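For reference, the chains in residue letters:
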Amino acid sequence: MTLSGPAAEQWAAAVAAVRCTGADDEVQLICHVNPDGDALGSMLGFGLGLRRLGYTRVRASFPGEFAVPGPYAGLPGSALLAPETEAYAAPRLVVVFDVASESRLGGLAGRLAAAPVSVVLDHHASNTGFGTVRLVDPRAAATSVVADELLARLGVPLDAEIAECLYVALATDTGSFKFDMTTVTVHELAARLIATGIRPGEISRRIFDSRPFGAMKLTGEVLGRAVLEPAAAGGRGMVWTYATLADLERHGQPPYVLDALIDPVRSVAEADVAVVVKQVAAGEWSVSLRSKGAVDVSGVAMSQGGGGHRLAAGFTAYGEAADVVDTVRRILDEHLS
Ligand code: AMP
Ligand code: MN
Ligand code: MN
């Protein structure tokens, strides 16, 4: 697969889509279910940009329960957030953020057909190509890189509020500027964002280094039951663990605290592949996959109806946690044999 950014016509079409929208027309922004820092940060940063341009009716939504993960709850632009039930029914313009496939839009997927134009901003190589205007750049470290460029083309200057949103998105998807995707472009964008006066230390503490005591205890318990399988993944090794709704309840924690668990698990030196199986309902699991480089985990995720990036992917699975792990182990063996 060749990696290239959006074509000039797509950028022009995206700018035209915004400019053809009246200041009082309804604009619906949508990001993926269980939003992360990139989904929320790029959506709210762009939403604030539209407000600066004078658009008066901008709503920002994501499908499912209207729960913003604690670290992102105070982001600038949060006043634009509206639950799925209050999303505009037939907006003039839809803009989608960090969504690789329509399945990640849940009950809001129909809004794309309900609007005359839908602009998709994304950076997943696995993007399925939906929406009428597609700004998909698999070379971008985060959707916020694409959002920044569209804001610039619309003539919106960065201010500290927009910058904080885009910075949170960038820091989240680069793992605090540690992943391979941390390019010159990433640091140049970070520099422009920081130049608006935002406080990177304070932002990082809030989104990465602050959690309730119960979340720390829960993490300890879930990591304590991790299993290392050195022979799995064609001898490259796999490490996995799981967490149930009962675990969350016992420690009084909301589901998003489980999303951080993949980081300590993927640090295990003896395994290329890390797997965290997180219960979302009875018999339903959200599976996070990571590779250090030897395995394309997006292939595994896509074979199960999910998606993601080469080294970070996920899918939804059904049944028992042990069966989900068996499935991942089997697909890895198939892919690597
Ligand atoms: P996560 O493990 O949830 O942090 O997700 C890692 C990557 O996989 C992200 O880029 C997600 O967009 C993608 N991903 C996770 N779960 C799914 C899913 N159920 N369907 C499609 N993509 C997913
Ligand atoms: Mn995301
Ligand atoms: Mn992203």
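Now for a look at the structure at hand. (Residues numbered from 1 in each chain as written. Chains lettered and ligands numbered in written order. Predicted model: local features only at pLDDT ≥ 70, side-chain atom pairs only at ≥ 80, totals over all residues. Heavy atoms only, no water.)

Working note: a packed helix pair is described by the angle between its axes plus the distance between those axes. Packing of helix α2 (residues 37-52) against helix α5 (residues 160-173) leaves a shortest axis separation of 7 Å and a crossing angle of 160°. For the element pair α2 / α5, the angle class is roughly antiparallel. Crossing geometry of α2 relative to α5 is assigned as left-handed. Here α2 contributes G37, D38, G41, S42, L44, G45, L48, G49 and R52 to the contact with α5, which in turn contributes E161, I162, C165, L166, V168, A169, T172 and D173. Along the lines of polarity and charge, the residues of the contact of α2 with α5 split into seven nonpolar, six polar and four charged. (Axes fitted to C-alpha atoms, helices over the stretch in contact; angles between N-to-C directions. Helix = DSSP H or I, 4+ residues; strand = E, 2+ residues; numbered from the N terminus. Parallel < 35°, antiparallel > 145°, perpendicular 65-115°, else oblique. Left-handed = near helix turned anticlockwise from the far one by under 90°. Contact = heavy atoms within 4.5 Å. Nonpolar A, V, L, I, M, F, W, Y, C, P; charged D, E, K, R; others polar.)

In this section: the site of ligand 1. Taken together, 13 residues form the shell around ligand 1, and within it H124, S288, R290, G307 and G314 come nearest. In the model, an oxygen atom of ligand 1 is placed 2.9 Å from a nitrogen or oxygen of the H124 side chain. With respect to ligand 1, the backbone of G314 contributes an N or O atom lying 3.2 Å from an oxygen atom. Surface burial for ligand 1 is 82%, taken as the share of its 480 Å² of free accessible area covered by protein chains. (Near = heavy atom within 4 Å. Polar contact = N/O pair within 3.5 Å; in protein donor to acceptor, adjacent residues only side chain to side chain. Areas by Shrake-Rupley, 256 points an atom, 1.4 Å probe, with all protein chains shown as cover.)

Here the focus is the coordination of the manganese ion (ligand 2). Those donors, H32 (NE2), D36 (OD) and D98 (OD), are the protein atoms that reach the manganese ion (ligand 2), and they lie 2.1 to 2.3 Å from it. Site description for the manganese ion (ligand 2): donor spacing in sequence, H-x3-D-x61-D. The metal-metal distance between the manganese ion (ligand 2) and the manganese ion (ligand 3) is 3.8 Å, with D98 serving as a donor to both. Residue class for H32 comes out buried when judged on its relative accessible area of 2%. (Donors = N, O, S within 2.8 Å, 3.2 Å for Na, K, Ca; no water. Buried < 20%, exposed > 50% of the residue type's maximum accessible area, 1.4 Å probe, protein only.)

What follows is about the coordination of the manganese ion (ligand 3). For the manganese ion (ligand 3), the full set of protein donor atoms is D38 (OD), D98 (OD), H123 (NE2) and D173 (OD), and the range of their distances to it is 2.1 to 2.3 Å. Going along the chain, you hit the donors of the manganese ion (ligand 3) in the pattern D-x59-D-x24-H-x49-D.

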